[in-house]
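Fold and contact review
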Amino acid sequence: MDADDRRRYFIVGSVILEIVQPLLRTRLENDYSSKGIGSLQAFLSTLPVMHVLFHLRHRNAYCCKDKINCRNNSKLPLIYCQWDLLYTENTGQSGHNCHCKFIANPVKLKQLDITLASLILLNCCNLQQSEENAVRELRRYKNNYLSHNTEGQITDTEYKSLWTDLTKFVLQLDPHRQEDLIRIENRPFDEGLCSIYSLYLLNIHKKLDEIDTRIHGIESALQINTQGIKSALEEVLRIQRNEANRQFCKTKMIEQGMVEGQLSPFKLGQDINFYQHYQIDSKSVLNTLLQRATLLAVMMDDGRLVMYAIFYEGLAIYNTDGSQVETIPVDDDPCYMTAVNNSTVAVTIEQMFIHPRIDLYDINNKYKLKSIQLYEFEETCGITMINDKLIVGVDRGIVIIDYQTEQIVQHIEIHNQPSEINVSDNRIFYIDDMQKNLCWYSYTDEKIHTLTLPSIPFSMTTLQDGSLYVLCEDESVQHVSSDGEQFNSLKTNQSKFFDFPGCILYNSKQKKNGSI
């Protein structure tokens, strides 16, 4: 994969998700607020809006209250999952086959993606000609360059003209976004965030709806009892809509004569046997589209797994047998996550024009404990724990935070942006963004040290003996000594349990590693 092409994709995706999408939501809010309507749900409940959107989803239907303005559109741009997000059928109105049988859901603006927000703007709001053109073009660019781009790359030739047009149309909607565009264009590449954006930008739900439609079409054409087949396929669709198509493998080291407190160091690159303990998720017909997705996951001390992905709409908690216990709603999309103790996880949150923060969640009682504001910094770059303190990567630095008092107890300045953080003994390891370097801060000499690897690293975990496994861009796994001075590559058959791209994690109490 060309690193520059991948970065250009990341820049364009960042503009779409961090600038364009909030702009469209704000423009929609301004439109209905100017009409004295207090919420998105109230706006969706107005008969003109409901009527227009109903005919963008339904064909050959005539409404009892406004037959003159009914439209039979040749295309139905409002897909199933979008309609279901906006409206619910009122079972008390089953005698009607029009918009009056539906009621608006309490949907929030932040639930509208760029596709749905633009569709409502273009069909239900009063836009100036320049605004309408900008909305149409930005949505078109999102579809052409991102939604159907399963490679996750944009060439230099495409980018040069695309960036000029993106800038033009964004500034037409809001002339004050020039500095934001410059900041995003110059931001360091973040592979983890890029993978999350890739999943969010791909038209996954549209493809699932197309499959759903084909199932119904096949059933009608055959005119036979296909209820069993249909139920099975619909179950697959349900799973795919609610869970990211990623595999989690809990692994276990063969005893090899090692007991806690008497552990001998591993020989670098030695064959450590693994087996698949359980697997979450099912095989997907859309695996090629979803394989780039990066999930956030932590293994708790008791073996439970806490995962976050767009599909979960919260923090999903799994038992050690792979069964899901519950999902905890989260306020915003987390960027990084770590286990604080056996009952608490911490996630970093970033939003446009707002300083980052750390949210702590109690996974036993299913609620948010507190938020720690990071007013001194612009972004976070990883999170982990050391000596009952949080370690967080920030703008060209690493901070250690007492999560109980919410005070920063140490700020370690480094010369670059860390993209992943891990700890081993008295060392804080981090990845030198877009370089082949694995770096660490040592408390012994209070200095930064560097180890150059054969390929750019993107994920790492600490093993039982303090050594590290580091996943690299060339799909190799490097076994790094606990002192950070040496490494050896795992053989292909040893690294087969690690999917690429993905990440690996380790829990010292469980003495188990996992990969996602």
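Right, let's walk through the structure included here. The numbers attached to residues start from 1 for each chain and follow its sequence in the written order. Owing to the predicted nature of the model, reporting of local features is limited to residues with pLDDT of at least 70; listing and counting of side-chain atom pairs is limited to 80 or more, with chain, interface and lining totals taken over all residues. Note that the side-chain values use all heavy atoms of the structure and ignore hydrogens as well as water.

Salt bridges, as used here, are contacts in which a Lys or Arg side-chain nitrogen is within 4 Å of a carboxyl oxygen on Asp or Glu. For the coordinates displayed, the defined rule picks out 15 salt bridges. The closest approach of N and O atoms between R8 and D156, which form a salt bridge, is 3.8 Å. With R8 in helix α1 (residues 3-34) and D156 in helix α7 (residues 156-173), the pair connects residues that are 148 residues apart, well separated along the chain. Note on classification: 1.4 Å probe, protein chains only; a residue is buried when its accessible area is under 20% of the maximum for its type, exposed when over 50%, partly exposed between these limits. Since its relative accessible area comes to 34%, D156 is described here as partly exposed. Two residues, D156 and K160, come together in a salt bridge whose shortest N-O distance is 3.4 Å. On the criterion of helical spacing, the pair formed by D156 and K160 is a turn pair, its members being four residues apart in helix α7. Taken together, the shared-partner salt bridges connect D5, R8, D156 and K160 into one network. Only DSSP runs of H or I reaching four residues or more are called helices, and only runs of E reaching two or more are called strands; each is numbered from the N terminus.

Each Phe, Tyr or Trp ring, with Trp reduced to its six-membered ring, pairs with another whose centre is within 6.5 Å; inter-plane angles below 30 degrees give stacked pairs, above 60 give edge-to-face pairs, and intermediate values give tilted ones. Under the definition given, this model contains eleven aromatic pairs. For the pair F54 and F102, a centre-to-centre distance of 6.1 Å together with 45° between the ring planes defines the contact as tilted. Placement of the pair is F54 in helix α3 (residues 47-55) and F102 in strand β2 (residues 102-104), with a sequence separation of 48 residues. The burial state of F54 is the same as that of F102; both residues are buried. Seen in terms of ring centroids, Y141 and F169 are 6.2 Å apart; in terms of plane orientation they differ by 40°. Their pairing is tilted. One end of the pair, Y141, is in helix α6 (residues 129-147); the other, F169, is in helix α7, and 28 residues separate them in sequence. F169 carries the same exposure label as Y141, and that label is buried. An aromatic cluster is present here, built from F54, W83, Y87 and F102 joined pairwise through their rings.

Attention now moves to the sheet that holds strand β9 (residues 344-351). Strand pairing requires that DSSP identify at least two bridges connecting the strands. Pairing within the open sheet is antiparallel, and its four strands lie in the order β8-β9-β10-β11. The open sheet has two free edges, formed respectively by β8 (334-341) and β11 (367-373), since each of these has just one partner strand. Between one strand and the next, the sheet's axes are offset by a mean angle of 25°, whatever the strand orientation. Across seven bridges, the pairing between β9 and strand β10 (residues 354-362) is antiparallel. Its bridge partner being in β10, I349 is matched across the sheet by R357. To get an axis, a line is fitted to the C-alpha atoms, and for a helix only the part in contact is used. The angle between two axes follows their N-to-C directions and goes from 0 to 180 degrees.

Next up on the list: the packing of α7 against helix α8 (residues 178-185). Where α7 meets α8, the axes come as close as 10 Å, and the angle between the chain directions of the two elements is 150°. Classified by the angle between their axes, α7 and α8 sit roughly antiparallel to one another. Crossing handedness for the pair α7 and α8: right-handed. Residues Y159, W163, T167, V170 and L171 of α7 form the contact with α8, whose own contacting residues are Q178, L181 and E185. When residues are sorted by character, Ala, Val, Leu, Ile, Met, Phe, Trp, Tyr, Cys and Pro go into the nonpolar class, Asp, Glu, Lys and Arg into the charged class, and all the rest, Gly among them, into the polar class. Across the contact of α7 with α8, the residue classes tally to five nonpolar, two polar and one charged. Each angle is binned into one of four classes, with values under 35 degrees roughly parallel, values over 145 roughly antiparallel, values of 65 to 115 roughly perpendicular, and all other values oblique. Left-handed is the label given to a crossing in which the near helix is rotated counterclockwise from the far helix by less than a right angle, and right-handed is the label when the rotation is clockwise. The contact rule is simple, with two residues in contact once any of their heavy atoms fall within 4.5 Å.

Another aspect to go through is the environment of S118. By the element assignment, S118 lies in helix α5 (residues 114-124). Taking the C-alpha atoms as reference points, S118 and R25, 93 residues apart in sequence, are found 8.5 Å from one another. In this structure the side chain of S118 is engaged in a polar contact, spanning 2.8 Å, whose partner is the backbone oxygen of I114. Here a polar contact is recorded for every N or O atom pair within 3.5 Å, except that within protein the pair must consist of a potential hydrogen donor and a potential acceptor, and residues adjacent in sequence are included only if both atoms are side-chain atoms. Among the polar contacts listed, one links the side chain of S118 to the backbone oxygen of T115, at a separation of 2.9 Å.

What follows is about the sheet that holds strand β19 (residues 447-452). The antiparallel open sheet is built from four strands, whose spatial order is β16-β17-β18-β19. With one partner strand each, in any of the chains shown, β16 (418-424) and β19 form the two edges of the open sheet. With strand direction ignored, the average angle separating the axes of adjacent strands in the sheet is 25°. Across five bridges, the pairing between β16 and strand β17 (residues 427-432) is antiparallel. Bridge assignment links S424 to a residue of β17, and that residue is R427.

Once that is clear, we can look at unusual backbone geometry. Positive phi, close to 60°, is recorded for D388, a residue that is not glycine. You can see D388 is positioned in the loop between β12 (383-386) and β13 (389-394). Under the relative-accessibility criterion, D388 is labelled partly exposed at 42%. Of note, E446 is a non-glycine position whose phi angle comes to about 55°, a positive value. Along the polypeptide, E446 turns up in the loop between β18 (437-442) and β19.

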